[in-house]
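Now for the letters of each chain:
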Amino acid sequence: MFDQVTRTNEQNIAVIEINNPPVNALGYAVRKGILDCLKVAEADDAVTAIVIIGSGRTFPAGADITEFGTVMKEPHLPEVIDHIESCSKPVVAALHGTALGGGFEIALGSHYRIADANARVGLPEVHLGLLPGAGGTQRLPRLCGAAFALDVMLKGTPISAKAAKDAGLIDRITKGDLRRAAITFANEVRTVRKTCDETSQLKDHAAYRADLAAAHKMITTRMKGQIAPLKIIACVEAILEKPFHEGRQLERQCFMDCMASDQSKGMIHAFFAERSSAKVPEASRAEPRILETLGVVGGGTMGAGITVAALNGGLPVTMIERDTESIARGRGNVEKVYDRLVAKGRMTTNEKNTLMTLYTGSTNYNDLSNVDMVIEAVFERLDVKRAVFEKLDKVIKPGAVLASNTSYLNIDSISSATKRPDQVIGLHFFSPANIMKLLEIVVPEQAADDVVATGFSLAKRLRKVPVRAGNATGFIGNRILGKYGVCAAHMMEDGATPYEIDNALLDFGYPMGIHAMYDLAGLDIGWDNRKAAAPTRDPDTRYVTIADRICENGWFGQKTGRGFYIYKDGARRGSHDPEVLSIIADIRSKKGITPKSFSATEIMERYLAAMVNEGCEVLREGVALKPSDIDVTFVYGYGFPRYRGGPMKYADMYGVQKMLTNIQKYEKEDPVFWKPSQLLVDMVAQGKEFEDLNKG
Ligand code: 3H9
């Protein structure tokens, strides 16, 4: 009936092959196909054993996520896997590519597992706000013990075939023709071997419980607020107390609970949003240019971070600095990143040295004459950047792409320093650039399609999540940050302390509060910007001077040991500063403001309303192409909890009508700051939500 699954008999071995590109996801047709083929093979007297294999690039990479949230047709995956496990003939799963989630659960339910040496296996459901729901929580610990199983399920990171074999999850590793090797293996095995009967890893209950306790401790700090990790631990714990079938029932219930949660909806949204952010019109119209060498101008924190990201992606980099001392510092900054990794045991000195062979330092712009792309990462001042671009224009070969790593400046005012403005784009990396996933690709009007496409291919090479942004002040992220940052300042002046605001953000799921973040980035940056903007500031807007007053004391955050917080003896975690509270109290009293109290809920409602309202403006002006691009920006660049999907997805789940009502309520206090975006007003009037705009 379906051609996603085929069965062929190779003499006495039935080979069930799954063919559902791109990742052989286990949708209805695949589930039904496997079950039907299995039944036929089992009934076929000529067949002695069965191989399950994927065609194309991978063994199934999991359940079909696009089916989630719909009524899923039977057979369900757990049922299919139970049939595999209870099959009277040995079943061998032959793994290649990425055998993930439900795919790996098929393998765990099979009697034997053979894997290609390059295969990776894992249970990444936790990244979708889920847990393995097809027996994974019950079978994996039976095979490899609680500690390893919890690590695999809580981190969700795929592991190599070798690591899986060492843990007892794979029986044999092979190189070359997997199908042939699997058939040979199937001919060797004589009996069925059910994972659900395995108990050898469960004998030492005290050690098992200690592993559970350690996992619990880990998630309360690192995965605070998330539902799925807690449920994973509960299911693994159940193995000690319940027989297999009861553990399965618990797992099923937990899976359904997670599936119904907003956390899972948020994470599944984030999964698709980060894939769709790379699909931009320019990249569909043009092929990227060749990108084999990179130039980076500037060896400071950003330049060095970008260089490390490029070297890690295998791109040779020529770094330019103005003099020998600066280029030595630039090289030192790059080496420092690697030295830290070596010190932590995450990289060997050999690996570092190999990567450093891709690095060239120079003080001569002519050394960039052959590179395919140059990223400028110098001081964030227009005159400085223009001077660099003028020099680059003289030496760069025709066809090379020029990019500025600016976080605010207008790309046109930089590219006009060259005779090739159509070859110039913005590439806004986030600090530390070798770690942060987000890359805003800023597209000025004149940029050629293939130049933009090259920016996206660079992102892929550097393993970044790219988002296309229009060329407007602050692009997507910093523009919206500017707005909700002001909202936080208003709340502070009206009665909330910076610590109450930060705590509300931490409770919401942010890794760090906004004031701690300002301290980390350096308060002087914002102060300089505000001073520069002062002459053109609209006199009707409310201006809060708290941050300025803090800066006037020379308190610029962590680097000066003091900002919104005090950092005693170089501590990285700040403590509350009574003097900051006095400054705030003084400002309030001079303005005649009677402080009121803000609950954590109100703080978050206002903060998110400011974020979403400005997000609407960014969409209305075309700076972001779709709401999900804003979500990706905030999840990957600004610490918005991924399990909440991003601000626009959060607004959909919170209710866009309710959010507009909040904004209209705040508008009565401050009609300038809280003017509702027309886009939001229209959307609510039409009964739409942001997801409709994503689809549109
Ligand atoms: C699960 O299994 C639950 C069970 O425990 C219990 C069930 C009862 N479904 O990422 P790529 C699409 S939960 C549908 O660009 P790569 C993806 O959207 C699942 N579609 O490629 C994209 O589409 P498009 C547990 C999927 O090479 C295309 O495939 N499994 C699925 O960079 C290519 O993807 C996971 O969480 C899917 N499961 O990476 C694994 N997976 O071209 C999720 C991918 O239209 N997947 N697509 O944009 C991944 O981690 C990566 O896709 C993978 C390939 C590593 C496989």
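Residues numbered from 1 in each chain as written. Predicted model: local features only at pLDDT ≥ 70, side-chain atom pairs only at ≥ 80, totals over all residues. Heavy atoms only, no water.

**Brief notes about the nonpolar core**
Then step 1. Tyr484, Tyr607 and Phe690 are the most contacted members of the largest nonpolar core, which has 96 residues in total.
Then step 2. Ranked by residues supplied to this core, first place goes to helix α25 (residues 600–620) with 11 residues.
Then step 3. Residue-level mapping places this core at the junction of two domains, with at least three residues from each of domain 2 (281–473) and domain 3 (478–622 + 625–695).
Then step 4. If we ignore the near neighbours within four places in the chain, the residues touching tyrosine 607 are Tyr484, Cys487, Ala488, Met491, Leu505, Tyr510 and Ile514.
Then step 5. Counting residues in hydrophobic clusters, the runner-up holds 71 residues, among them Val47, Leu130, Met153 and Cys235. (Core = buried A, V, L, I, M, F, W, Y, C linked by side-chain atoms within 4.5 Å. Buried < 20%, exposed > 50% of the residue type's maximum accessible area, 1.4 Å probe, protein only. Helix = DSSP H or I, 4+ residues; strand = E, 2+ residues; numbered from the N terminus. Domains from an automatic or database assignment. Contact = heavy atoms within 4.5 Å.)

**Remarks on the side chain of aspartate 629**
Then step 1. Within the secondary structure, aspartate 629 is located in helix α26 (residues 627–637).
Then step 2. Taking relative accessible area as the criterion, aspartate 629 reaches 0% and is therefore assigned buried.
Then step 3. Residue contacts for aspartate 629: discarding those within four places in its chain leaves Ser277, Val467 and Arg468.

**What to know about the sheet that holds strand β16 (residues 438–443)**
Then step 1. Read across the open sheet, the eight strands follow the order β12-β11-β10-β13-β14-β15-β16-β17; overall the sheet is mixed. For this open sheet the edge positions go to β12 (359–362) and β17 (465–470), each flanked by a neighbour on one side alone. Averaged over all neighbouring strand pairs, the angle between strand axes comes to 25°, with direction disregarded.
Then step 2. In the sheet, strand β10 (residues 294–297) pairs with strand β13 (residues 373–376) via four bridges, with the strands oriented parallel. Counted as the bridge partner of valine 297 is glutamate 376 from β13.
Then step 3. Packing of helix α13 (residues 301–312) onto the sheet brings it into contact with β10, β11 (317–320), β12, β13 and β15 (424–429), and relative to β11 it is tilted by some 170°. (Pairing = 2+ DSSP bridges. Axes fitted to C-alpha atoms, helices over the stretch in contact; angles between N-to-C directions.)

**Comments concerning unusual backbone geometry**
Excluding glycine, most residues fall at negative phi; most peptide bonds, likewise, are trans.
Then step 1. Cis rather than trans, the peptide bond between proline 21 and proline 22 has omega equal to 5°.
Then step 2. Here proline 22 is to be found in the loop between β2 (13–18) and α1 (28–43).
Then step 3. For the bond running from glutamate 74 to proline 75, omega is 5°, close enough to zero to count as cis.
Then step 4. Its location among the elements puts proline 75 in the loop between β3 (49–54) and α2 (77–85).
Then step 5. Phi at glutamine 11 takes a positive value of approximately 55°, unusual for a residue other than glycine.
Then step 6. Mapping glutamine 11 onto the fold places it in the loop between β1 (5–10) and β2.

**Focus on the packing of aromatic side chains**
Then step 1. Tallied over the entire structure, the rule returns 19 aromatic pairs.
Then step 2. Their ring planes at 75° and their centres at 5.3 Å tell us that phenylalanine 508 and tyrosine 650 sit as a pair that is edge-to-face. Of the two residues, phenylalanine 508 sits in helix α20 (residues 498–508) while tyrosine 650 sits in helix α27 (residues 647–654), which places them 142 residues apart along the sequence. Both residues of the pair, phenylalanine 508 and tyrosine 650, count as buried.
Then step 3. Residues tyrosine 650 and tyrosine 654 carry aromatic rings whose centres are separated by 6.0 Å and whose planes lie at 25° to one another, so their mutual orientation is stacked. One end of the pair is tyrosine 650 and the other is tyrosine 654, both in helix α27 and four residues apart, which spans about a single turn. The same class applies to tyrosine 650 as to tyrosine 654, namely buried.
Then step 4. An aromatic cluster is present here, built from Phe430, Tyr484, Phe508, Tyr510, Tyr607, Phe634, Tyr638, Phe640, Tyr650 and Tyr654 joined pairwise through their rings. (Phe/Tyr/Trp six-rings, centres within 6.5 Å; stacked < 30°, edge-to-face > 60°.)

**Some points on the site of the ligand**
Then step 1. The environment of the ligand is made up of 26 residues, and the closest members are Arg57, Glu105, Glu125, Arg275 and Lys279.
Then step 2. One nitrogen or oxygen atom from the main chain of isoleucine 65 is found 2.9 Å from a nitrogen atom belonging to the ligand.
Then step 3. Glutamate 125 is positioned with one of its side-chain polar atoms (N or O) 2.5 Å from an oxygen atom of the ligand.
Then step 4. For the ligand, the protein covers 73% of the area, taking 1000 Å² as the surface of the free molecule.
Then step 5. When residues of the shell around the ligand are traced back to their parent elements, those giving at least two are β5 (98–100), α3 (102–109) and α11 (262–276).
Then step 6. Ranked by the residues each element gives to the shell around the ligand, the list is headed by α11, at three residues.
Then step 7. Per-class residue counts for the shell around the ligand are 15 nonpolar, five polar and six charged. (Near = heavy atom within 4 Å. Polar contact = N/O pair within 3.5 Å; in protein donor to acceptor, adjacent residues only side chain to side chain. Areas by Shrake-Rupley, 256 points an atom, 1.4 Å probe, with all protein chains shown as cover. Nonpolar A, V, L, I, M, F, W, Y, C, P; charged D, E, K, R; others polar.)

**Examining the sheet that holds β1**
Then step 1. On the basis of which strands lie adjacent, the open sheet formed by six strands has the order β1-β2-β3-β4-β6-β9 and mixed pairing. Looking at strand neighbours, the two that pair on one side only are β1 and β9 (172–174), the edges of this open sheet. Going across the sheet, the axis of each strand differs from the next one's by a mean of 20°, ignoring polarity.
Then step 2. Two elements, strand β6 (residues 112–116) and β9, share three bridges in a ladder whose sense is parallel. Within β9, the residue paired with isoleucine 114 across the bridge is arginine 172.
Then step 3. Contacting β1, β2, β3, β4 (91–95), β6 and β9, helix α7 (residues 178–188) runs over the sheet at an angle of about 155° to β6.

**Concerning the domain arrangement of the protein chain**
Then step 1. Partitioning the protein chain into structural domains gives domain 1 (5–259), domain 2 (281–473) and domain 3 (478–622 + 625–695).
Then step 2. On a C-alpha basis, the centres of domain 1 and domain 3 stand 44 Å from each other.
Then step 3. Taken together, the contacts link four residues of domain 1 with four residues of domain 3.
Then step 4. A combined buried area of about 290 Å² lies between domain 1 and domain 3, and 37% of that area is made up of carbon and sulfur atoms.
Then step 5. Three residues stand out in domain 1 for area buried against domain 3, namely His127, Lys224 and Gln226, and they jointly supply 84% of the buried area on that side.
Then step 6. If you look at where domain 1 meets domain 3, you find zero salt bridges.
Then step 7. The tally of links from domain 1 across to domain 3 stands at one residue pair in polar contact (both at pLDDT 80 or more).
Then step 8. Of the residues contributing to the side of domain 1 that touches domain 3, the split by class is no nonpolar, three polar and one charged. (Buried area = accessible area lost by both parts, 1.4 Å probe. Salt bridge = Lys/Arg side-chain N within 4 Å of Asp/Glu carboxyl O.)

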